[in-house]
Amino acid sequence: MHIYSPEQKVEHPLYKQHRVEVFMKRDDMIHPFISGNKWRKLKYNLQKAQQENKKIVVTLGGAWSNHLLATACAGATFNLKTIGFVRGEEVRNPVLDMCRLFGMKLLFVSREEYKDKDALFYQLENKDDYFFINEGGSGLEATWGCKELISELKQEYDHIFCAAGTGTTAAGIAIGINDHKWKTLLHVVPVLKNGEFILDEIKKFNAPTDQTILHLDYHFGGYAKTKPDLLAFVQEFVASTGIMIEPTYTGKVAYALHDLIKKGYFTENSRILFIHTGGLTGLLGHLDKFKKG
């Protein structure tokens, strides 16, 4: 499938004021449901599943998981059945309803059971028919797809910003930067508390980290947590740029970038790339929190 992910220059008064150029890699445009880093993470996993003649893909995630939805859609697209373990009590919401529409079988498990992901997989019968993809698409094959992002870029950047939940996307980008022998600094914004572990996760994929900087103060309370400042920022950014972001991943990265620009972190004429990792269906779980105009 052809990937359409342009580099778009983003105009905002803050950038002009501090004399920096900000571009966005619009991975959210790759696909409406298999969007952003989800497509990149799934690409080589699904190729491997097909090479091994697996007919059923098994994965897992939370009740608002972009990864579950992307996997469900990818399975329908590439003629693979899908099963998704969902963390927590059985619920109905738009994301899970779309997973069902794409043919995914959903199995709800307690938060305690969810902690042992291997046990969940091994409880299934006829395991030889199944191909397992970890939570969020994390894994070595996922880094291969994320690495390709760097090869698509039309110019070298001084700084690249991306969100991190598992560190897989950051690892792939770090490998791509190293392969191109760029001097680019990779700025990684963990979206959950105590995100120091992300650096170790990146190293597990043999990705270099000497050009990687973690920004640990922009989690807003933890994974999928928000605060009024973040919600107000997301609302202002979307209204002023016409680019949709959400509070779980892209909103936190954009907030971090703007905060650092305000603090004079970057030298004048810096070229900065923001990786839009998609996942916009995550907005559906937050819409009621935004101020109504």
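Rules behind the numbers
- Residues numbered from 1 in each chain as written.
- Predicted model: local features only at pLDDT ≥ 70, side-chain atom pairs only at ≥ 80, totals over all residues.
- Heavy atoms only, no water.
- 1 Å grid on protein atoms, 1.4 Å probe; cavity = no way out; pocket = protein on both sides within 12 Å on 5 of 7 lines; lining within 4 Å.
- Points joined across faces, edges and corners; volume = space filled by probe spheres on them.
- Helix = DSSP H or I, 4+ residues; strand = E, 2+ residues; numbered from the N terminus.
- Nonpolar A, V, L, I, M, F, W, Y, C, P; charged D, E, K, R; others polar.
- Pairing = 2+ DSSP bridges.
- Axes fitted to C-alpha atoms, helices over the stretch in contact; angles between N-to-C directions.
- Contact = heavy atoms within 4.5 Å.
- Buried < 20%, exposed > 50% of the residue type's maximum accessible area, 1.4 Å probe, protein only.

Caption draft 1: Representation of empty space enclosed by the protein within the structure. The final tally for this structure, using the stated rule, is 3 cavities of 30 Å³ or more. One number sums up the size of the largest cavity: a volume of about 70 Å³. Lining of the largest cavity is provided by A174, I177, N178, T184, L186, P208, T209, D210, Q211 and T212. Broken down by element, the residue count for the lining of the largest cavity peaks at 3 residues, all from helix 8 (residues 168–179). Among the residues making up the lining of the largest cavity, the classes are represented as 4 nonpolar, 5 polar and 1 charged. Its boundaries defined by the atoms lining it, the second largest cavity holds a volume of some 50 Å³. Along the walls of the second largest cavity sit P32, F33, S35, K38, N66, L69, G279, L280 and T281, which together make up its complete lining. Split by residue class, the lining of the second largest cavity holds 4 nonpolar, 4 polar and 1 charged.

Caption draft 2: View of the sheet that holds strand 4 (residues 81–87). Within the open sheet, the 4 strands sit side by side as 5-4-3-6. Their pairing is parallel. The strands lining the two open edges of the sheet, one partner per strand, are strand 5 (105–109) and strand 6 (130–132). Recorded for the sheet is a direction-independent mean angle of 25° between the axes of neighbouring strands. Two elements, strand 3 (residues 56–61) and strand 4, share 6 bridges in a ladder whose sense is parallel. In the sheet register, G61 faces strand 4, and the bridge partner there is V86. Packing of helix 4 (residues 94–101) onto the sheet brings it into contact with strand 4 and strand 5, and relative to strand 5 it is tilted by some 140°.

Caption draft 3: Expanded view of helix 7 (residues 140–152). Considered for burial, the residues of helix 7 that qualify are E141, A142, T143, G145, C146, L149 and I150. In the core, the buried residues of helix 7 are packed alongside strand 2 (21–26), helix 2 (37–51), strand 7 (159–164), helix 8 and strand 10 (271–276).

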